[in-house]
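# Examining the three-dimensional arrangement
Letter by letter, the chains look like this.
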Amino acid sequence: MRVLVTNDDGFAAPGILHLARAVHEAGHDVLVAAPDTEVSGAGAALSATVADGRLVYEPVELDGLPGVRAYSVPASPAYIAMLTGLGAFGDPPDLLLSGVNRGANAGHAILHSGTVGAVLTGAADGLRGLAVSLNILGEVALNALSTVDDETRHWPTAATIATGLLDWLAAAPDGTVLNLNVPDRPLDAVAGLRPASLAPFGQVQMTVAEHGTGFVRTALREREAEHVPGSDLALLAEGYATVTAVLPPVRHPTLEPPDDWRS
């Protein structure tokens, strides 16, 4: 299969390299197109840097993946997904993979995730997609979201599990979106793979740390709420990898405007 691999951490992030390598070694035709810098939290935003009306992207070489086409693109992952679907980088892909993200994308907070936003955008054109994230907070402290110890992360665990789901995803209906979260531990230490609901909250929340005249400073803190049984965050805390089917925006089946809307 022809597989687009993108992310929101940027083309130089370790997660995308491990994911692209695993998919390539599984025998698939891999195209890597990812933002030229980190754009976490972009959701499904369609943003890009253009010059004279042109979006200028650059070919890059990924370590250990000679011959795999890869591009650094000054755009959000959703924009990249849309461009790829339109044939900007050659024939449109059969599948879209986004990740491996540094940190879980879980709960209703996936609304803000650039990792998930890419696959939701692809789904709008019927493309099947899988967002892949490595849970970090479940294993270490909040400050471990930094890149200092990226080399100690278990990126291959997430990449291996994601690659094992590709045939399943390919057989799913058009526009299927899956969200995979994986514990940051060796593959043989993962308790299993479970379907999960979205927790009613995210793994972290934004707080106002300081504000004054004309300025505000925000901070992130880990939520201390009790986990909902069967949710992605609860199962991650138990050492399971979780997969959740996410519906792209659809018409509500029972929502109808009132007849007397003019009054």
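Here is what the cut-offs are and how they apply
- Residues numbered from 1 in each chain as written.
- Predicted model: local features only at pLDDT ≥ 70, side-chain atom pairs only at ≥ 80, totals over all residues.
- Heavy atoms only, no water.
- Helix = DSSP H or I, 4+ residues; strand = E, 2+ residues; numbered from the N terminus.
- Rg over C-alpha atoms; globule rule 2.2 N^0.38 Å.
- Buried < 20%, exposed > 50% of the residue type's maximum accessible area, 1.4 Å probe, protein only.
- Lys, Arg positive; Asp, Glu negative; His and termini not counted.
- Charge placed at Lys NZ, Arg CZ, Asp CG, Glu CD.
- pLDDT = per-residue confidence, 0-100.
- Contact = heavy atoms within 4.5 Å.
- Salt bridge = Lys/Arg side-chain N within 4 Å of Asp/Glu carboxyl O.
- Pairing = 2+ DSSP bridges.
- Axes fitted to C-alpha atoms, helices over the stretch in contact; angles between N-to-C directions.
- Parallel < 35°, antiparallel > 145°, perpendicular 65-115°, else oblique.
- Left-handed = near helix turned anticlockwise from the far one by under 90°.

## Focus: the overall build of the chain
If you tally the helices and strands in the chain, you get six helices and eleven strands. For 263 residues, the compact-globule estimate of 2.2 N^0.38 gives 18 Å, and the C-alpha radius of gyration of the chain, at 19 Å, lies within 12% of that figure. When its C-alpha atoms are laid out on the principal axes, the chain stretches across 55 × 50 × 45 Å. Within the chain, the proportion of its 263 residues that are buried is 48%. Of the side-chain charges in the chain, 14 are positive and 30 negative, and the distance between the mean point of each set is 3 Å.

## Some thoughts on the confidence of the model for the chain
On average, the chain scores 90 in pLDDT, and the residues at 70 or more come to 91%. Across residues 139-144, where pLDDT falls below 50, the model places twelve contacts with residues more than four positions away in sequence or in other chains.

## Some points on the pattern of salt bridges
Scanning the entire structure with this criterion turns up five salt bridges. Ionic pairing is found between Arg2 and Asp29, a salt bridge with its closest N-O pair at 3.4 Å. Linking Arg2 in strand E1 (residues 2-6) with Asp29 in strand E2 (residues 29-35), this pair joins segments that are 27 residues apart in sequence. With a relative accessible area of 12%, Arg2 lands in the buried category.

## Things to note about the sheet that holds strand E3 (residues 58-59)
Read from one edge to the other, the open sheet built from nine strands follows the order E3-E4-E2-E1-E5-E6-E7-E11-E8, with strand pairing classed as mixed. Looking at the sheet topology across the chains shown, the edges are occupied by E3 and strand E8 (193-195). Of the pairings in the sheet, the one linking E3 to strand E4 (residues 69-73) comprises two bridges and is antiparallel in character. Looking at the pairing, Glu58 lines up with Ser72 of E4. On top of the sheet, helix H3 (residues 114-123) reaches E1, strand E5 (95-102), strand E6 (128-135) and strand E7 (177-183); it is set at about 170° to E5, its chief contact. Sheet contacts for helix H4 (residues 155-164): E5, E6, E7 and strand E11 (241-245); angle to E7, the most-contacted strand, approximately 145°.

## Examining the packing of helix H1 (residues 14-25) against H4
Contact geometry for H1 and H4: axes closest at 9 Å, N-to-C directions at 40°. Viewed along their axes, H1 and H4 adopt a mutual orientation that is oblique. The chirality of how H1 crosses H4 is right-handed. Here Pro14, Gly15, His18, Leu19, Ala22 and Val23 of H1 come into contact with H4, specifically with Trp155, Pro156, Ala159, Ala162 and Thr163.

## A few points about the pairing of E7
For E7, the buried fraction is high: seven of the seven residues fall into the buried class. Going residue by residue along E7, you find Val177, Asn179, Asn181 and Pro183 tucked away on one face and Leu178, Leu180 and Val182 tucked away on the opposite face as well. Both E6 and E7 contribute to a ladder of seven bridges, which runs parallel. Within E7, the position partnered with Ala131 by the bridge is Asn179.

## What to know about unusual backbone geometry
Gly99 connects to Val100 through a cis peptide bond whose omega is 0°. By the secondary structure assignment, Val100 is in strand E5. A positive phi angle, near 55°, is found at Asp52, a position not held by glycine. Judged by relative accessible area, Asp52 falls into the exposed class, the value being 83%.

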